[in-house]
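In case you want the letters, here they are:
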There are 2 protein chains.
Amino acid sequence: MRYELYYWPTIQGRGEFVRLALEEAGADYVDVARRRGKRGVPAMMKVLEDKRAARPPYAPPFLKAGKSIIAQTALILFYLGPRLNLAPRDEAGRLWVHQLQLTITDLVVHIHDTHHPVSGWLYYEEQRPAARRRTQDFWRYRVPKFLGYFERVLQHNGGTYMVGRRISYVDLSLFEIVEGLRYAFPKRMKRFERKVPGLIALRDRVAKRPRIKAYLASKRRIRFSQWGIYRYFKELDA
Amino acid sequence: MRYELYYWPTIQGRGEFVRLALEEAGADYVDVARRRGKRGVPAMMKVLEDKRAARPPYAPPFLKAGKSIIAQTALILFYLGPRLNLAPRDEAGRLWVHQLQLTITDLVVHIHDTHHPVSGWLYYEEQRPAARRRTQDFWRYRVPKFLGYFERVLQHNGGTYMVGRRISYVDLSLFEIVEGLRYAFPKRMKRFERKVPGLIALRDRVAKRPRIKAYLASKRRIRFSQWGIYRYFKELDA
């Protein structure tokens, strides 16, 4: 099965959680919108704007698997999990990794909104005081609660993987969260990391996996930038 | 099976999407945190603060079904859907209603953040200018896109239900969204409703269902208030 991933071609964004799973599994996939010319972004827009579709995606990322189109990052991973051998086989285990992924989804909104709390249609510079305040509470309350929760789940499961005895897509997603927070908040994250040693070790473990390592060194891995979920502003990292 | 729902006892909030499904199905359930004394909120906090739990919920709402504890609103509904006969039976259909519910989940964050864009740890009065701007873009961009999307899906499916030929939990959730927007933004919503006639007719259809009608008239239905997702501020409804 050749999967088609549809996502914005210049950012890691939400699509990256799916890319990491496809890469770790060595899956056959096309990152559609990164193709040149009409077969790239216009092909993605065509699917998004198809008014006759019975089950249209609301927004990227979405995945085409045969005739199915599946949207919503966490749902794409729920779908791919067993197919890529990146989720437990039993029903309860599958629901549990999905639940964790949905909690990561919530965290991602909070990360994004640190720099754009007021509106995505304003520049950062137009919402700076609000961003500063949002960031302050993000690091005071949200980060300790979210990452503390994931750390606890990880330690309870033995410290190697989040769920069961094998790697799952949620481990890969937490790698991405750590990387993103390091990019956007290098100083704050450096101070915080000692509180979640398990997650940091998990991040290192994921980074060393042969396929992930090759992927991170390749051009397929888009660099962090000022246009994604994670953005660096010196004043927010105080 | 007697289900136990755990959610904050004084607001509709995210728990209401689950309550509506349980009520429509005539399910046997306990709204745990609404019980008096120690068996109420303290019983919920005990589950939340149990450091030894292998699969702890991150936050309410969560559902206890036998020995399983399931958190995340959309996942609770995904789990309950087939059990309450409120989801299609086929796998693709089940994933599709879940996808729609996840998009409702995204919308709920945007609704909440109209009045609290900067921080949940500040009063509304402390973030009024940001709330005004966030609300402006919410009604200019988000509402037309989200509700327009749901309207299109509904019409494409024949106009009666969102998915298939029977009611599903996503129909109930969209009822709640319309009710919530009417409470928080009576003037704006009144003007907007003509653009989504299908959703308004769906709202009416849901409101007339015997069990929902009885539920809405009962004390089990918590009133909208200034403490939930949907809050009324005259200046935001300009």
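Residues numbered from 1 in each chain as written. Chains lettered and ligands numbered in written order. Predicted model: local features only at pLDDT ≥ 70, side-chain atom pairs only at ≥ 80, totals over all residues. Heavy atoms only, no water.

K.L.:
Which parts of the structure should I look at to understand helix α5 (residues 128-156) of chain B?
P.N.:
Helical geometry note: an α-helix holds 3.6 residues per turn, so side chains three or four residues apart project in the same direction. Its 29 residues give α5(B) an end-to-end C-alpha distance of 39 Å, which sits within 8% of 42 Å, the value for a rise of 1.5 Å per residue. The sharpest bend along α5(B) measures roughly 45° and falls at B:F138. (Helix = DSSP H or I, 4+ residues; strand = E, 2+ residues; numbered from the N terminus. Expected span 1.5 Å × (residues − 1). Bend = angle between axes of the 7 residues up to and from the residue.)

K.L.:
Please clarify how the relation of the copies chain A and chain B should be interpreted in this entry.
P.N.:
In summary, the two copies of the chain are related to each other by a rotation about an axis coupled with a shift along it. The two copies are related by a screw operation: chain A maps onto chain B through 180° of rotation and 0.0 Å of translation along the axis, at an RMSD of 0.0 Å. With respect to symmetry, the two chain copies, as superposed, fit the operation of a two-fold axis. Across chain A, the smallest distance between a C-alpha and the rotation axis is recorded for A:P117, namely 2.8 Å. A share of 100% of the interface residues of chain A reappears at the interface of chain B, consistent with the copies meeting face to face through the same patch. (Least-squares fit on C-alpha atoms with pLDDT ≥ 70 in both. Contact = heavy atoms within 4.5 Å.)

K.L.:
Explain the sheet that holds strand β4 (residues 68-71) of chain B here, please?
P.N.:
Residue and element names in this part refer to chain B. Read across the sheet, 4 strands follow the order β2-β1-β3-β4 without closing on themselves; strand pairing throughout is mixed. Every interior strand has two partners, whereas the edge strands, β2 (29-31) and β4, have only one. Strand after strand, the sheet turns through a mean of 20° between neighbouring axes, direction not considered. As defined by bridge partners, strand β1 (residues 3-6) adjoins β2 across 3 bridges and the pair is classed as parallel. Across the sheet, the residue bridging to Y3 is Y29, located in β2. (Pairing = 2+ DSSP bridges. Axes fitted to C-alpha atoms, helices over the stretch in contact; angles between N-to-C directions.)

K.L.:
Explanation requested: the sheet that holds strand β4 (residues 68-71) of chain A in the structure shown.
P.N.:
Residue and element names in this part refer to chain A. Within the open sheet, the 4 strands sit side by side as β2-β1-β3-β4. Their pairing is mixed. The open sheet has two edge strands with one neighbour each: β2 (29-31) and β4. Between one strand and the next, the sheet's axes are offset by a mean angle of 20°, whatever the strand orientation. Sheet analysis places strand β1 (residues 3-6) next to strand β3 (residues 62-65), joined by 3 bridges and oriented antiparallel. Within the sheet, the bridge partner assigned to L5 lies in β3 and is L63.

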